[in-house]
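# Reading the structure
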Amino acid sequence: SLHALCARVGVTPYMALLGVFAIVLARHAGQRDVCIGSPVANRANTATHGLIGLFVNTVVMRIDLTGQPSVETLLRRVRDTALAAYAINDVPFEQVVNALDVPRDTARPPLAQVMLNLQTDAAQALHLEGLVGEPLTVHNGTAKCELTLDLVQTEAGFEGFLEYASALFSADFARAFVRRFEQA
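Residues numbered from 1 in each chain as written. Predicted model: local features only at pLDDT ≥ 70, side-chain atom pairs only at ≥ 80, totals over all residues. Heavy atoms only, no water.

### Quick word on the packing of helix α2 (residues 13-29) against helix α5 (residues 171-183)
- At their nearest, the axes of α2 and α5 sit 10 Å apart, and the two run at 130 degrees to each other. As judged from the angle between their axes, α2 and α5 are oblique. The chirality of how α2 crosses α5 is right-handed. Each of L17, V20, F21, V24, L25 and H28 in α2 lies in contact with α5, whose residues at this interface are F173, F177, R180 and F181.
- Partitioned by chemical class, the residues of the contact of α2 with α5 number 8 nonpolar, 1 polar and 1 charged. (Axes fitted to C-alpha atoms, helices over the stretch in contact; angles between N-to-C directions. Helix = DSSP H or I, 4+ residues; strand = E, 2+ residues; numbered from the N terminus. Parallel < 35°, antiparallel > 145°, perpendicular 65-115°, else oblique. Left-handed = near helix turned anticlockwise from the far one by under 90°. Contact = heavy atoms within 4.5 Å. Nonpolar A, V, L, I, M, F, W, Y, C, P; charged D, E, K, R; others polar.)

In structure tokens, the structure reads:
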């Protein structure tokens, strides 16, 4: 049903999931305006094509939920916001933070304290001559943001997990948040 909605409104599954995430966040926080960070692959510059390594930038999307929009209206807003963010995703996050002159606080990331990450190509086992490698999930015991929703699109649907700052949220809160996300 998510894919049918996306086709009808003209959004991607990522945009629809971003909209749902924004709704749940807004309801939880009692706000009608939320900022959500998202990592984007950053290999648009041809100078980086020959380099080895991970090139990821963070874009922050401000989602406007004012006026109690219908689902379709909200998804169109999310689409416009996401497309505007993608158009400038090669501007380094640090440069954006500096240009906005955002006060720094070592206890929280600037601009967005929540992140959404969607991987559309699930990590596959790596096969090299004589070796087989498997992706492992490693938890380092810390949360980079207050909340991070990591999702992977699979043939069966979406799988994922919610990473949260345990100093701010309880496991019960995290379970309830995920249930609300799944039901939205």
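Picking up where we left off.
### Some words on the packing of α2 against helix α3 (residues 71-87)
- Two elements in contact, α2 and α3, have axes separated by 9 Å at closest approach and are oriented at 115 degrees. Overall, the two elements α2 and α3 adopt an arrangement that is roughly perpendicular. Crossing of α2 against α3: the hand is right-handed. Across the interface between the two elements, Y14, M15, A16, L18, G19 and I23 from α2 touch L74, L75, V78, R79, A82, L83 and Y86 from α3.

### Details of the environment of V56
- Following the sequence through the fold, V56 ends up in strand β2 (residues 56-64).
- Sequence separation of V56 and S38 is 18 residues, and the distance between their C-alpha atoms is 9.9 Å.

### With respect to α3
- Over its 17 residues, α3 runs 24 Å from end to end, which matches the ideal 24 Å to within 8%, given 1.5 Å per residue.
- Taken together, the buried positions of α3 are occupied by L74, L75, V78, R79, A82 and A85. Looking down the long axis of α3, one finds its buried residues gathered within 145 degrees of arc, a one-sided arrangement.
- Looking at the buried residues of α3, the elements they touch are α1 (2-9), α2 and β2. (Expected span 1.5 Å × (residues − 1). Buried < 20%, exposed > 50% of the residue type's maximum accessible area, 1.4 Å probe, protein only. Arc of directions from axis to C-beta.)

### With respect to the packing of aromatic side chains
- Using the criterion set out here, one finds 4 aromatic pairs in the structure.
- Considering the side-chain rings of F169 and F173, the 4.5 Å spacing of their centres and the 20 degrees angle between planes classify their relative orientation as stacked.
- Exposure remark for F173: the relative accessible area of 13% places this residue in the buried category.
- Members of the aromatic cluster, joined through ring pairs, are F21, F169, F173, F177 and F181. (Phe/Tyr/Trp six-rings, centres within 6.5 Å; stacked < 30°, edge-to-face > 60°.)

### Things to note about unusual backbone geometry
- Despite not being glycine, D101 shows a phi value in the positive range, around 55 degrees.
- Backbone geometry places L111, a non-glycine residue, at a positive phi of 75 degrees.
- Looking at the element boundaries, L111 is found in the loop between α4 (93-100) and β3 (114-119).

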